[in-house]
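Each chain, written out:
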Amino acid sequence: MEAVGDHAIIGDCRAAALVDREGAIDWLCWPRFDSPSLFGALLDDRAGHWRIAPVGAVRVERGYVGPTNVLRTRFLTPTGRLALYDLMPVASEAGKKSLLLPEHEILRIAACEAGEVEVAMSYAPRPGFGRDVPALRDGPLGVRFELGAGAVVLRCEPRCTLDGGTATTRFRLRAGEDTAFSLTLAHQWPGVLPPIGPNARQALERALRFWGDWSARCRYDGPAREAVLRSALALDLLVYAPSGAVVAAATTSLPEAAGGNRNWDYRYCWLRDASLTARALLGLGFVDEARAFVSWLLQSTRLTRPRLATLYDVHGNAPPRERPIAWLSGHRGARPVRVGNAAVEQLQLDVYGEVVDAASRFAGAGGAFDRTTASMLRGFGEQVCRTWRSPDEGMWEPRSGRRRHTHSTVLCWTALDRLAGLARSGRLTRLPVDRIESCREEIRREVETRAWNGELESYVAEFGGSEVDASLLLLPWYGFARADSERMRATHDRIVSELDAGNGLLFRRREDRDRGEGAFGACGFWRAEMLALGGRLDEAAELFERLCARSNDVGLFAEEADPASGAAIGNFPQAFTHVGLVNAALTLAERLRHGGPAEGPA
Amino acid sequence: MNVASWLLWGFAATLVLTGLLSVGQGLGLTRMSLPFILGTFFTPDRDRAKLVGFGVHLANGWLFSLLYVAFFQSWHRATWWLGAILGAVQAAIVLTTGMRLLPGLHPRMASETHGPTPTRQLEPPGFLALNYGARTALATFVAHVAYGLILGAFYRPV
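Residues numbered from 1 in each chain as written. Chains lettered and ligands numbered in written order. Predicted model: local features only at pLDDT ≥ 70, side-chain atom pairs only at ≥ 80, totals over all residues. Heavy atoms only, no water.

A. Structural detail: the overall build of chain A. Each helix and strand in chain A was counted, giving 14 helices and 28 strands. Here the C-alpha atoms of chain A give a radius of gyration of 24 Å, agreeing with the 25 Å that 2.2 N^0.38 yields for 602 residues. With the principal axes as the frame, chain A shows a C-alpha extent of 75 × 50 × 45 Å. When the 602 residues of chain A are sorted by exposure, 64% land in the buried category. Considering only contacts within chain A whose residues lie at least 6 apart along the sequence, 67% involve residues at least 24 apart. For chain A, the exposed surface amounts to about 20800 Å²; the carbon and sulfur share of it is 47%. Averaging the positions of the 75 positive and the 77 negative side-chain charges in chain A gives two centres separated by 4 Å. (Helix = DSSP H or I, 4+ residues; strand = E, 2+ residues; numbered from the N terminus. Rg over C-alpha atoms; globule rule 2.2 N^0.38 Å. Buried < 20%, exposed > 50% of the residue type's maximum accessible area, 1.4 Å probe, protein only. Contact = heavy atoms within 4.5 Å. Areas by Shrake-Rupley, 256 points an atom, 1.4 Å probe, with all protein chains shown as cover. Lys, Arg positive; Asp, Glu negative; His and termini not counted. Charge placed at Lys NZ, Arg CZ, Asp CG, Glu CD.)

Structural data, given as structure tokens:
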């Protein structure tokens, strides 16, 4: 089983697949991010894969083709060189009008670039998280099997041999020759079976053009542009285009510690990430994506308003009840594999600040609120005023009970602050501004009194506590405190002294280190951003560069990283980490332009 | 012929037929979508095909109900069970003959004997439309029986 960081992602903004360095797709959930897996070898060798690789490859080089989401893996063998292109075909809206495209497709093109190469293909779909061995049927239109009412069809030129739910073939390619493999899923509609051959090449060109055009919309022009653009491209693959939702990661149950049991399903949308994600998309110039995301945010939360759940599925429904998938052995033995996420039952007060701040950014970018949304925002204000004193689980979602978390309380302050700002600027009417502002000031007093530990000379993670956590680095980001204030500088130093994981990485909390978990990817970037906000630009730039260098070979980050080796740990690729990278870059670039510390929030 | 009755119930029966097939599709019983198949006669654009196909299907169903009305007029009566029998016969013809002839008629449909080409990529339905899901025949049968049943129950012959 390949390591987490040995993977690259391909996708079509509806689903995503992970491809390892051996040419195997070992993770694919179809037709949606949170559907059961069709290929799940990432979590159990028996749970399905689709491998195309030369026999006897001695070296592998890979990367995305320019600023696109088309992956190219080059295999060097003693007799020749093979390039394998992996993609989920995409087309522009104009292109779709003149093309009949499959609902879902993975296209793989093997092209011999030099010499002669013998290639082996092994296709072993195992639907239902590896539970089912499908009855494959070979026919004139491809190798097919039924998936519920849907049909999965593999089409390729070499003749396949079928054996117990697995199709295999071997073939030779000489320099200049190529052959394509198309896997389609017809989920709800009559299937579309694109021809292979020249058509596959056209689909590849179309995808390269699509992603190239998309990347050209990125208006970022600061440090580490390539890493930022790769993060944006990865982030876009985690967007569910039909609704605008952004899932936290493409995977479930990749462990937070090797062999551990802290394995969670991240294929849902966390409100916790809302404001940071909205800022990242807006800051890069992807205004349509940002608007779609905030619209999803405001639409999906209507079902539970004025209460906000911690997470939703891509259509704004509650995710399924958390349950273990008992028949999977887990990634490198890390059990259990879970589907669904019990965090949905938690109370996380920070989500109000996240949603309201995202809405405020949306308004700042020219968006307007309809009557229902305005009423909903006022409802959030009321809800925050009622509940901000309540203990909650907090953003790290421990399953050990509720506490008064500083980060959550500051996000309650953020919600009220942004609501008051919207009202004062005339974008939100009929808000009891005086009451909202009075409550906001009360929250500030409480945080400054009870979340400040005079002995430690630091803000602390919980009211009256003596531990810090990395979420405190975000206080300036939301505008609660200036990054160059005495208190924030002292808090920063305390966090670094207690949570430093080496190489610029940070643990979330001290207990993560004690438990053998990795350093949390986003936290290092938060620190770089806080340094930039505080005007410490050289330190920020140096740290940011070091952190960017911790990505895997194709520029992707997992949720966590092993402090010693830098290896990716946890669900992958993780939107939160990439959002952290983008936001740090945006702030750094902005501060480099203007110089000095920031006056307000990021 | 009772034109007013035909116009009203021919339209209603077609709506129900389309609705039942869509529900079957939504519930994952079948991938059969007659509007989509009809729409792709005219355009490769998926969204446009669904819209155009819906209109064509509605017109088709309406016109096809004339055949039912002709039977009712010739029998001088219309009952729900006579309509249901006609619907069942129509479903059988659609599933056995119609679906097998479709690849020859449809400009964008591949066939079992001729693999997909750049212009013909739509999966053919196959015998009993089983390529569109094992329960397609059942869903199609139920929808057509309901279509005939409505016409038989509500059309008033003169």
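Next comes the rest of the write-up.
B. Main features of the sheet that holds strand β28 (residues 568-569) of chain A. Residue and element names in this part refer to chain A. Here three strands make up an open sheet; going across it, the order is β26-β27-β28 and the pairing antiparallel. Of all the strands in the sheet, just β26 (519-520) and β28 have a single pairing partner and so form its edges. Strand direction decides the pairing type here: β26 and strand β27 (residues 560-561), joined by two bridges, are antiparallel. Bridging across to β27, phenylalanine 520 finds its partner in glutamate 560. (Pairing = 2+ DSSP bridges.)

C. Representation of the packing of helix α4 (residues 274-284) of chain A against helix α14 (residues 575-594) of chain A in the model. Residue and element names in this part refer to chain A. Here α4 crosses α14 at 50 degrees, and the two axes come no closer than 9 Å. What the angle tells us is that α4 and α14 run oblique. Along this stretch, α4 crosses α14, giving a crossing that reads as left-handed. Every residue of α14 that contacts α4 at Leu276, Thr277, Arg279, Ala280, Gly283 and Leu284 is listed here: Phe576, Val579, Val582, Asn583, Leu586 and Thr587. (Axes fitted to C-alpha atoms, helices over the stretch in contact; angles between N-to-C directions. Parallel < 35°, antiparallel > 145°, perpendicular 65-115°, else oblique. Left-handed = near helix turned anticlockwise from the far one by under 90°.)

D. Region of interest: the interface of chain A and chain B. With 27 residues of chain A in contact, the opposing surface of chain B contributes 31 residues. When chain A packs against chain B, close to 2300 Å² is buried across both sides, 56% of that on carbon and sulfur atoms. Contact with chain B buries area across many residues of chain A, yet Leu100, Trp189 and Pro190 of chain A alone supply 30% of it, more than any other trio. Counting the contacts that link chain A with chain B gives two salt bridges. The interface formed by chain A and chain B includes nine residue pairs in polar contact (both at pLDDT 80 or more). Taken together, the elements giving at least two residues each to the side of chain A that touches chain B come down to α1 (93-97), β11 (142-147) and β12 (150-156) of chain A. At three residues, the largest contribution of residues to the side of chain A that touches chain B is made by β12 of chain A. Across the side of chain A that touches chain B, the residue classes break down as 15 nonpolar, six polar and six charged. (Buried area = accessible area lost by both parts, 1.4 Å probe. Salt bridge = Lys/Arg side-chain N within 4 Å of Asp/Glu carboxyl O. Polar contact = N/O pair within 3.5 Å; in protein donor to acceptor, adjacent residues only side chain to side chain. Nonpolar A, V, L, I, M, F, W, Y, C, P; charged D, E, K, R; others polar.)

E. The pairing of strand β14 (residues 166-174) of chain A, seen in detail. Residue and element names in this part refer to chain A. Of the strand pairs in this sheet, strand β9 (residues 104-124) and β14 are connected by eight bridges, and their pairing is antiparallel. Bridging from a neighbouring strand, glutamate 118 pairs with arginine 172 of β14. Counting the residues between successive antiparallel strands, the hairpin from strand β13 (residues 161-163) to β14 contains two residues, one of them, glycine 164, with a positive phi of roughly 55 degrees.

F. Examining the nonpolar core more closely. Ranked by size, the top nonpolar core spans 212 residues in total, and within it Trp50, Ile106 and Tyr123 of chain A carry the most contacts. Those residues in contact with tyrosine 123 of chain A that sit more than four places away from it in its chain are Phe39, His49, Trp50, Leu136, Phe145, Val152, Leu154, Gly165, Thr166, Ala167 and Leu183 of chain A. (Core = buried A, V, L, I, M, F, W, Y, C linked by side-chain atoms within 4.5 Å.)

G. Quick look at the pattern of salt bridges. Residue and element names in this part refer to chain A. Enumeration over the complete set of coordinates arrives at 59 salt bridges over all chains. For glutamate 517, the salt bridge goes to arginine 515, with nearest N and O atoms at 3.3 Å. Residue glutamate 517 is classed as buried on the basis of its relative accessible area of 3%. Here the salt bridges share partners, and the residues they tie into one network are Glu256, Arg262, Arg508, Arg509, Glu511, Asp512, Arg515, Glu517 and Glu560.

H. Focus on the packing of aromatic side chains. The tally for this structure, following the rule as stated, stands at 29 aromatic pairs over all chains. Consider the rings of tryptophan 211 of chain A and tryptophan 214 of chain A, whose centres lie 6.1 Å apart with planes at 75 degrees: the pair is edge-to-face. In this pair, tryptophan 211 of chain A and tryptophan 214 of chain A are both assigned in helix α2 (residues 198-216), three residues apart and thus about one turn of the helix distant. Tryptophan 214 of chain A carries the same exposure label as tryptophan 211 of chain A, and that label is buried. Note on phenylalanine 41 of chain B and phenylalanine 42 of chain B: the rings are 6.5 Å apart at their centroids and 50 degrees apart in plane angle, and the pair reads as tilted. Given the relative accessible area of 27%, phenylalanine 41 of chain B is considered partly exposed. (Phe/Tyr/Trp six-rings, centres within 6.5 Å; stacked < 30°, edge-to-face > 60°.)

I. Structural context of the side chain of glutamate 559 of chain A. Residue and element names in this part refer to chain A. Tracing the backbone through its elements, the reader meets glutamate 559 in the loop between α13 (537-548) and β27. Buried and unpaired, glutamate 559 has arginine 508 as its nearest opposite-charge partner, separated by 4.8 Å. At a separation of 2.6 Å, a polar atom in the side chain of glutamate 559 contacts the side chain of tyrosine 266. If we ignore the near neighbours within four places in the chain, the residues touching glutamate 559 are Glu256, Tyr266, Ala519, Phe520, Gly521, Ile569, Gly570, Asn571, Gln574 and Thr577.

J. Quick peek at the confidence of the model for chain B. Counting all residues, the mean pLDDT for chain B is 90, and 99% of those residues have values of 70 or more. For chain B, per-element mean pLDDT is lowest for helix α2 (residues 34-39) of chain B, which scores 91, and highest for helix α5 (residues 136-154) of chain B, which scores 95. (pLDDT = per-residue confidence, 0-100.)

K. A look at empty space enclosed by the protein. Residue and element names in this part refer to chain A. According to the stated counting rule, one finds three cavities of 30 Å³ or more in the structure shown. Estimates place the volume of the largest cavity at around 40 Å³. If you trace the largest cavity, you find it lined by Val246, Val247, Ala248, Trp270, Asp273, Thr277, Phe293 and Ala575. (1 Å grid on protein atoms, 1.4 Å probe; cavity = no way out; pocket = protein on both sides within 12 Å on 5 of 7 lines; lining within 4 Å. Points joined across faces, edges and corners; volume = space filled by probe spheres on them.)

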